[in-house]
Amino acid sequence: MSGRQIIKPGRGYALLALALLVSGLLSMHLDYFVAWLLVVAGLAVVAWLLWSRQRNNQRVIAGLRQGRQQLREAQRLAQIGSWELEIPTGRLTWSEELYRIFGIDPQAGPGDYQRFLQMVPAEDRERVDEAYRASFREREPHEVEHRLITGSGQIKQIRSRWETHFDALGNPLRTIGTAQDITDLRRMESQMQLLGTAFHHSGEAILITDHDNRIVTVNPAFTTLTGYTLEDVAGKNPKLLSAGRTLPEEYERMWASIRQKGYWQGEVWDRRKDGGVYPKWLSISVMRDDAGEIRYHIAHFTDVSAERAAEARLHHMAHHDMLTGLANRFSLKERLEHALAVARRESSRVALLFIDLDRFKVINDTLGHHIGDELLIQVSQRLRSAVRDSDLVARLGGDEFVVMASGVEQMSSVATVAEKLVKVVGEPYAIGPHTLYTTPSIGIAVYPMDGENGEALMKNADAAMYHAKAAGRNNFQFFDARMNEAAIERLNIEHALHQALERDEFVLYYQPVIDLGSGRVSCVEALIRWRHPERGLVAPGLFIGVAEETGLIQPIGDWVVWTACRQLAAFRAAGIADVKMAINISAVQMRNSSLPVVAHGVIDAYSLARGDLIFEITESVAMEQPDETIRVLDVLRSMGVTLALDDFGTGYSSLSYLRMFALDKLKLDRSFVEGIGEDIDGQVICDATIGLAHALGLTLVAEGVETEAQLDYLRARGCDLVQGYLFSKPLPALEAEAFIRQRNGSPG
Ligand SMILES: Nc1nc2c(ncn2[C@@H]2O[C@H](COP(=O)(O)O[C@H]3[C@@H](O)[C@H](n4cnc5c(=O)[nH]c(N)nc54)O[C@@H]3COP(=O)(O)O)[C@@H](O)[C@H]2O)c(=O)[nH]1
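Overview of the structure.

Parameters and conventions
Residue numbers run consecutively from 1 along every chain, following the written order of its sequence. Totals for whole chains, interfaces and linings use all residues, but because this is a predicted model, local features are given only for residues with pLDDT of at least 70 and pairs of side-chain atoms are given and counted only at 80 or more. Where side-chain values are given, they derive from all heavy atoms of the structure, hydrogens and water being excluded. The rule for a disulfide is simple: a pair of cysteine sulfur atoms within 2.5 Å. By definition, two strands form a pair when at least two bridges between them are found by DSSP. Secondary structure elements are taken from DSSP: a helix is a run of H or I of four residues or more, a strand is a run of E of two residues or more, and numbering for both begins at the N terminus. Only C-alpha atoms enter the line fits that serve as axes; for helices the fit covers just the stretch in contact. Angles between N-to-C directions range over 0 to 180 degrees. In what follows, residue pairs with any heavy atoms lying within 4.5 Å of each other are defined as contacts. The classification of residues rests on relative accessible area computed with a 1.4 Å probe and restricted to protein chains. Under 20% of the type maximum is buried, over 50% is exposed, and intermediate values are partly exposed. By nonpolar core is meant a set of buried Ala, Val, Leu, Ile, Met, Phe, Trp, Tyr and Cys residues that side-chain atoms within 4.5 Å join together. Every angle not falling under 35 degrees, over 145, or within 65 to 115 is termed oblique; those three ranges are roughly parallel, roughly antiparallel and roughly perpendicular. Left-handed describes a crossing in which the near helix is turned anticlockwise from the far one by less than a right angle; the clockwise case is right-handed. Charged residues are taken to be Asp, Glu, Lys and Arg, nonpolar residues to be Ala, Val, Leu, Ile, Met, Phe, Trp, Tyr, Cys and Pro, and polar residues to be all remaining types, Gly included. Here a residue is near a molecule or strand as soon as one of its heavy atoms is found within 4 Å of it. Definition of a polar contact: a pair of N or O atoms within 3.5 Å, with one able to donate and the other able to accept a hydrogen when the atoms are protein atoms, and with sequence-neighbouring residues admitted only if both atoms are side-chain atoms. Accessibility throughout is a Shrake-Rupley quantity obtained with a 1.4 Å probe, and a residue counts as covered only by protein chains that appear here.

1. What about the state of the cysteines?
Evaluated as defined, the whole model comprises 0 disulfides. Left unpaired, Cys719 is separated from the closest cysteine sulfur, that of Cys686, by 8.5 Å.

Shown next as structure tokens:
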């Protein structure tokens with residue numbers, strides 16, 4: 001009803017009273033009039049009372065309507081619907097909100113209790129029904145939480161509450177109840193629970209601060225990582241965690257980003273409660289209130305020490321040689337480029353010293369890689385300790401090292417460094433039970449004279465190193481433009497050598513060795529020559545080294561053994577019976593276990609007598625691989641091969657090994673014979689070597705005898721055999737045969 005309808009009846013009563021009053025005035029006497037007036041007044045009072053009561057009723061109804069409206073609104077907001085069941089009549093009423101919660105069209109009506117039960121999923125139904133029955137039994141308000149399948153098929157979480165009213169006799173009159181949709185609440189609760197679990201069990205440390213950046217809470221991972229509990233840090237500023245290593249500007253950038261973007265992440269250094277410092281990867285985000293003000297800062301972080309250590313290890317591995325810990329090729333290239341850039345700016349010099357170890361391969365192959373590795377480690381330590389801290393020492397691989405010295409003022413200082421390196425590397429190495437020797441061959445290239453860039457400098461230092469090798473090893477050489485020609489030359493030799501065997505370009509010359517006692521030719525030494533199609537006769541010094549490095553020495557060495565023995569057989573056939581054949585054996589042949597087999601084959605093939613063959617091995621080869629030498633010499637000796645130690649005095653002989661080698665002869669190196677009459681030291685060595693050979697029961701052969709004075713001296717000292725230009729140069733086979741006939745007398 002509207003307001004207008006409420007006022008209308010009231011007005012009607014007033015008009016009626018007024019009409020009665022006016023008609024009474026016009027139609028009645030005074031006595032009657034008074035009585036009548038009283039009646040009318042009474043009627044007017046009654047009318048007024050009726051009107052005012054009705055007005056009150058209308059107000060109450062309006063209030064009720066407003067109350068219902070408010071109730072509806074409240075139910076909608078709280079998502080609580082209500083219902084009422086009149087038990088005697090079974091009449092069920094639902095509030096608007098209940099229809100909405102249950103997803104049922106109000107036109108369809110509320111149905112009954114059974115219909116409601118059907119909407120409860122089977123798993124919850126029994127529980128709900130039992131609660132309802134219990135409320136009757138116990139006459140207590142009841143509450144139950146259950147799921148409900150709405151009219152649209154949606155599953156909701158409902159909290160139902162109800163109470164039943166009874167009359168004086170205990171009969172149930174009605175049940176009133178509410179059903180609250182707590183689906184969102186439960187979902188939120190379960191999300192909160194999930195977040196709580198994540199917070200507690202997160203492997204990442206989490207720290208939450210308020211808008212003033214005071215710590216509100218931390219999770220267990222925070223305590224594990226930092227050592228601080230919540231009690232330790234609550235209310236404090238997180239800067240208490242800082243290690244003081246992160247620059248203030250970095251923190252300023254961090255806060256600017258948090259203020260502007262609400263987010264920051266980066267790496268900072270912190271300190272644990274126990275004082276340990278560590279890098280951490282930190283992410284900070286903010287939570288704002290409805291007004292947009294920052295309420296919380298949420299920081300989560302992890303210790304990245306392990307990652308940084310792994311990165312450092314990878315970086316180290318990428319830039320260093322695994323075996324020696326020195327810089328590697330990659331690192332050298334980087335540092336060299338940098339040093340050259342500085343040198344260009346400052347007009348200074350950079351020196352590259354390219355170092356190759358002499359005969360390292362022999363040690364490595366014969367004593368095993370672990371010994372070779374240990375030798376490389378010791379060499380690298382010596383190199384490192386011999387140069388300035390600012391100089392770079394790198395290992396390129398194998399037995400190749402480079403020292404880079406920047407800011408070089410005097411070329412002489414580079415020579416001093418090189419000299420020092422030759423000295424320290426050349427000193428003996430104690431590795432396990434072995435005393436080993438190696439020497440360096442060093443090539444030097446200096447920026448800017450020897451190359452404008454790293455590549456050219458490396459190439460030229462390498463060429464200079466080859467030059468040092470060719471110059472007899474164990475020395476250093478400055479680069480000279482002609483060295484590149486030498487390197488090219490070496491390459492050409494290498495290519496041509498591959499074909500020389502097939503093309504039968506090798507030839508043997510024979511140098512007679514004279515017995516000082518009889519004056520006769522005792523043996524001839526087979527010395528290889530290369531009859532090069534363009535260069536003519538090439539001396540072995542020019543190609544034996546290349547053949548050794550390329551492995552070609554093996555087939556060439558075999559060819560020498562077979563050719564020399566064929567020649568010896570030819571001498572025998574020509575009636576030369578008592579001259580033996582000396583053959584040079586290289587380090588590679590000594591290492592190869594086929595040498596005794598080859599010797600055996602050739603002796604058999606040419607029906608040579610035992611003792612016709614002399615194998616010469618150099619002192620350095622024997623001493624570099626003493627165990628192997630002992631083994632091979634024993635086998636050869638057992639076959640009757642005579643064994644000579646060549647170039648004696650040029651290497652480092654160990655007397656104990658000397659005793660163990662199955663030797664027959666010592667060949668005193670030419671360099672000592674040269675000194676006879678001129679150099680007292682050389683002479684002393686000659687005397688000592690002759691004495692040593694005889695003391696060990698060995699025959700002494702003096703090499704390179706060129707003068708009568710040398711011959712006289714050697715003869716006087718009791719030298720057994722001599723070889724040298726004084727008697728004969730190495731000769732082609734026919735001339736050698738003639739020489740022997742002339743010296744030893746012709747049988748025919
Ligand atoms: N593995 C092999 N190595 C070989 C072979 N043939 C030679 N060689 C090695 O080359 C080195 C140089 O030999 P070569 O140029 O033939 O020189 C020899 C003689 O010519 C030289 N000699 C002899 N007497 C004198 C002399 O009075 N003066 C002087 N200036 N030189 C002289 O000495 C070389 C022989 O020395 P050695 O071998 O130590 O007895 C040579 O040393 C071999 O190492 C080969 O077939 N296989």
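Here the narrative resumes.
2. Section: the sheet that holds strand β11 (residues 349-357)
Pairing in this open sheet of 5 strands is mixed, and the strands run β12-β13-β11-β16-β17 from one edge to the other. Two strands bound the open sheet, and with one partner strand each, they are β12 (392-397) and β17 (475-478). Pairs of neighbouring strands in the sheet enclose a mean axial angle of 20°, with direction left out of account. Taken together, the 8 bridges between β11 and strand β16 (residues 440-447) define a ladder with antiparallel strand orientation. Within β16, the position partnered with Phe354 by the bridge is Gly443. Of the strands in this sheet, β11, β12, β13 (400-408), β16 and β17 are in contact with helix α15 (residues 454-470), which crosses β16 at around 145°.

3. Notes on the environment of Ser586
The topology assignment puts Ser586 in the loop between β21 (580-585) and α19 (587-591). Measuring from C-alpha to C-alpha, the distance between Ser586 and Glu548 comes to 7.9 Å, with 38 residues separating the pair along the chain.

4. Examining the environment of Gly244
Relative to the assigned elements, Gly244 resides in the loop between α8 (230-233) and α9 (248-261). Judged by relative accessible area, which is 64%, Gly244 ranks as exposed. Distance in space between the C-alpha atoms of Gly244 and Arg271 is 8.4 Å, their sequence separation being 27 residues.

5. Quick word on the nonpolar core
Core analysis: the largest hydrophobic core is formed by 86 residues, its most contacted members being Leu497, Met581, Ile583, Phe615 and Val722. Here this core takes 10 residues from helix α18 (residues 553-573), the largest share from any one element. Not counting the four nearest positions on each side in its chain, Met581 is found in contact with Tyr510, Val524, Ala526, Ala564, Gln567, Leu568, Phe571, Asp612, Leu613 and Ile614. By size, the runner-up hydrophobic cluster in this structure holds 32 residues, among which are Leu367, Ala418, Val425 and Leu436.

6. As for the packing of α18 against helix α20 (residues 595-605)
Orientation of α18 relative to α20, taken along the N-to-C sense of each, is 25°, at an axis distance of 10 Å. Taken together, the axis directions place α18 and α20 in an arrangement best described as roughly parallel. Crossing of α18 over α20 shows right-handed handedness. Contacts from Asp558, Val561, Trp562 and Cys565 in α18 reach Val598, Gly601, Val602 and Ala605 in α20. The residue makeup of the contact of α18 with α20, split by class, is 6 nonpolar, 1 polar and 1 charged.

7. What about the site of the ligand?
The local shell around the ligand holds 22 residues, among which Glu525, Arg529, Glu703, Glu706 and Tyr725 are the closest. Between a nitrogen atom of the ligand and a main-chain N or O atom of Ile528, the distance comes to 3.1 Å. Contact between the ligand and Tyr725: an oxygen atom at 2.9 Å from a main-chain N or O atom of the residue. In isolation the ligand exposes 820 Å². Once the protein is present, 84% of that is buried. Among the secondary structure elements, those contributing two or more residues to the shell around the ligand are β19 (521-532) and β23 (642-648). The greatest single-element share of the shell around the ligand, amounting to 4 residues, is contributed by β19. Per-class residue counts for the shell around the ligand are 8 nonpolar, 5 polar and 9 charged.

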